[in-house]
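# An overview of the molecular structure
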Amino acid sequence: MSLLTVICPCYNEEESVGLFYQEVMKNQDFFRGKGVEMEILFIDDGSGDKTLAEIKKLRAEDQRVRYVSFSRNFGKEAAMYAGLEKAKGDYVVIMDVDLQDPPHLLPEMFSCLEQGYDSVATRRVNRKGEPVIRSFFARMFYKLMKRISKTEIVDGARDYRLMTRQMVDAILSMGEYNRFTKGIYGWVGFRTKWLEFENVERAKGETKWNFWKLLVYSIEGITAFSTAPLSISAFVGVLFCLLAFIMIIFIIVRKLIFGDPVSGWPSMVCIILMTSGVQFFCTGILGQYLAKTYLEVKRRPIYLAKEET
Ligand code: UDP
Ligand code: MG
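Let me sum up the structure you'll find in this document. (Residues numbered from 1 in each chain as written. Chains lettered and ligands numbered in written order. Predicted model: local features only at pLDDT ≥ 70, side-chain atom pairs only at ≥ 80, totals over all residues. Heavy atoms only, no water.)

### Quick notes on the coordination of the magnesium ion (ligand 2)
- Each protein donor to the magnesium ion (ligand 2) is listed here as Asp 98 (OD) and Gln 100 (OE1); together their distances run 1.9 Å.
- We classify Gln 100 as buried; its relative accessible area is 16%. (Donors = N, O, S within 2.8 Å, 3.2 Å for Na, K, Ca; no water. Buried < 20%, exposed > 50% of the residue type's maximum accessible area, 1.4 Å probe, protein only.)

Below you can see the structure in the form of structure tokens.
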């Protein structure tokens with residue numbers, strides 16, 4: 001028998017854990033028929049509610065449930081990394097606990113692997129039920145990434161993906177601290193089949209992401225998978241030098257022809273403000289990359305487990 005590990009990051013999801021277990025295990029007959037046993041690996045990302053207790057309850061009933069519990073909230077990226085690291089399966093799938101990653105897709109995903117794909121990824125074709133502003137910025141982010149990054153990052157892609165052991169090992173070999181899994185998936189390559197589904201609203205509980213968290217996360221994605229902002233700031237620098245050069249010539253010529261009446265104070269102030277603004281902006285971009293590098297060289301662990309099976 002081979003093994004399929006279902007990795008499930010949970011953060012304050014006491015209501016969802018039991019339901020998730022039931023829904024996922026509905027696929028067990030299908031997988032048994034294929035000679036595949038299932039295990040569920042819950043990653044408790046430092047929940048403050050009864051999530052861990054709920055997981056332990058499941059564990060007491062079913063030994064195929066395993067868990068890792070973090071010492072604090074490290075974020076979903078860290079939880080996914082821990083899951084991949086602790087997964088024993090020949091096949092591994094990452095799923096959200098809120099059932100927004102439909103478990104009934106698993107059989108179809110598995111048959112794609114049988115056809116010779118290394119991974120089966122999913123994307124939602126719409127964002128029904130999501131706040132309009134959030135959808136708008138998400139779309140902008142993917143459009144931007146398409147332009148500035150060589151790594152393929154697909155719009156609407158979920159972290160929901162079934163992978164072979166080989167691909168999991170490839171992802172684990174990328175031990176970076178600033179993780180952006182959607183980019184990492186694209187970076188490691190392999191033959192990937194895409195499945196599409198309509199957005200499903202959360203079964204229970206509420207989203208753990210607010211606008212600010214998503215904004216910070218998108219900056220993570222940009223700095224991790226593109227250096228274009230650095231090139232752009234260098235380009236802006238050159239552009240401003242050129243502009244300055246043209247203006248110097250203009251002023252010299254004006255002085256020689258018309259003499260030097262004292263004027264142009266307001267325009268001078270505007271120019272100074274404008275250029276210093278651009279300078280701060282470019283320094284800020286540089287700072288972002290420096291900050292990421294700083295965190296990376298510290299080589300801190302991606303997560304700390306307090307308890308596990
Ligand atoms: N999650 C996590 N750590 C966090 C935030 C979220 O492990 O710090 C988990 C959460 O429990 C869920 C998944 O990541 O299983 C997706 O979170 P959520 O549904 O809140 O995000 P959304 O679907 O709204 O983007
Ligand atoms: Mg969700």
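### A short note on the site of ligand 1
- Taken together, 17 residues surround ligand 1, and among them Asp 45, Asp 98, Gln 100, Thr 207 and Lys 208 come closest.
- Asp 98 is positioned such that a nitrogen or oxygen atom in its side chain is 2.6 Å from an oxygen atom of ligand 1.
- The contact in question runs from an oxygen atom of ligand 1 to an N or O atom on the backbone of Lys 208, over 2.6 Å.
- Burial of ligand 1 by the protein amounts to 93% of the accessible area it has alone, namely 540 Å².
- Residue classes in the shell around ligand 1 are distributed as five nonpolar, four polar and eight charged. (Near = heavy atom within 4 Å. Polar contact = N/O pair within 3.5 Å; in protein donor to acceptor, adjacent residues only side chain to side chain. Areas by Shrake-Rupley, 256 points an atom, 1.4 Å probe, with all protein chains shown as cover. Nonpolar A, V, L, I, M, F, W, Y, C, P; charged D, E, K, R; others polar.)

### Looking at the side chain of Asp 98
- Its place among the elements puts Asp 98 in the loop between strand 4 (91-94) and helix 5 (106-114).
- Since its relative accessible area comes to 4%, Asp 98 is described here as buried.
- From its side chain, Asp 98 meets the backbone nitrogen of Gln 100 in a polar contact 3.1 Å long.
- Excluding its chain neighbours within four sequence positions, the residues that come into contact with Asp 98 are Arg 202 and Ala 203. (Helix = DSSP H or I, 4+ residues; strand = E, 2+ residues; numbered from the N terminus. Contact = heavy atoms within 4.5 Å.)

### Description of a nonpolar patch on the surface
- A cluster of nonpolar residues, Ile 133, Phe 136, Phe 137, Met 140, Phe 211, Trp 212, Leu 215, Val 216 and Ile 219, forms a patch on the protein surface that exposes about 880 Å² of accessible area.
- Of all the secondary structure elements, the ones that give two or more residues to the nonpolar patch are helix 6 (132-148) and helix 9 (211-225).
- For the nonpolar patch, the element with the most residues is helix 9, which contributes five residues.
- Residue position: Phe 137 is located in helix 6.
- The partly exposed category is assigned to Phe 137, whose relative accessible area is 38%. (Patch = residues over 30% accessible without salt bridge, like charges linked within 9 Å, V, L, I, M, F, W, Y side chains within 5 Å. Salt bridge = Lys/Arg side-chain N within 4 Å of Asp/Glu carboxyl O.)

### Considering the sheet that holds strand 5 (residues 119-124)
- In space, the eight strands of this open sheet follow the order 7-5-6-4-1-2-3-8, with mixed pairing throughout. Lying at the two open borders of the sheet, with one neighbouring strand each, are strand 7 (192-197) and strand 8 (305-308). The sheet shows a mean angle of 20 degrees between the axes of neighbouring strands, taken without regard to direction.
- Bridging between strand 3 (residues 65-70) and strand 8 involves three bridges; their strand directions are antiparallel. Each residue of the ladder has a partner; that of Phe 70, found in strand 8, is Ala 305.
- Sheet strands touched by helix 1 (residues 16-25): strand 1 (2-10), strand 2 (36-44) and strand 3. Its angle to strand 2, the strand with the most contacts, is close to 160 degrees.
- Docked against the sheet, helix 3 (residues 51-61) engages strand 1, strand 2, strand 3 and strand 8, running at close to 155 degrees with respect to strand 3. (Pairing = 2+ DSSP bridges. Axes fitted to C-alpha atoms, helices over the stretch in contact; angles between N-to-C directions.)

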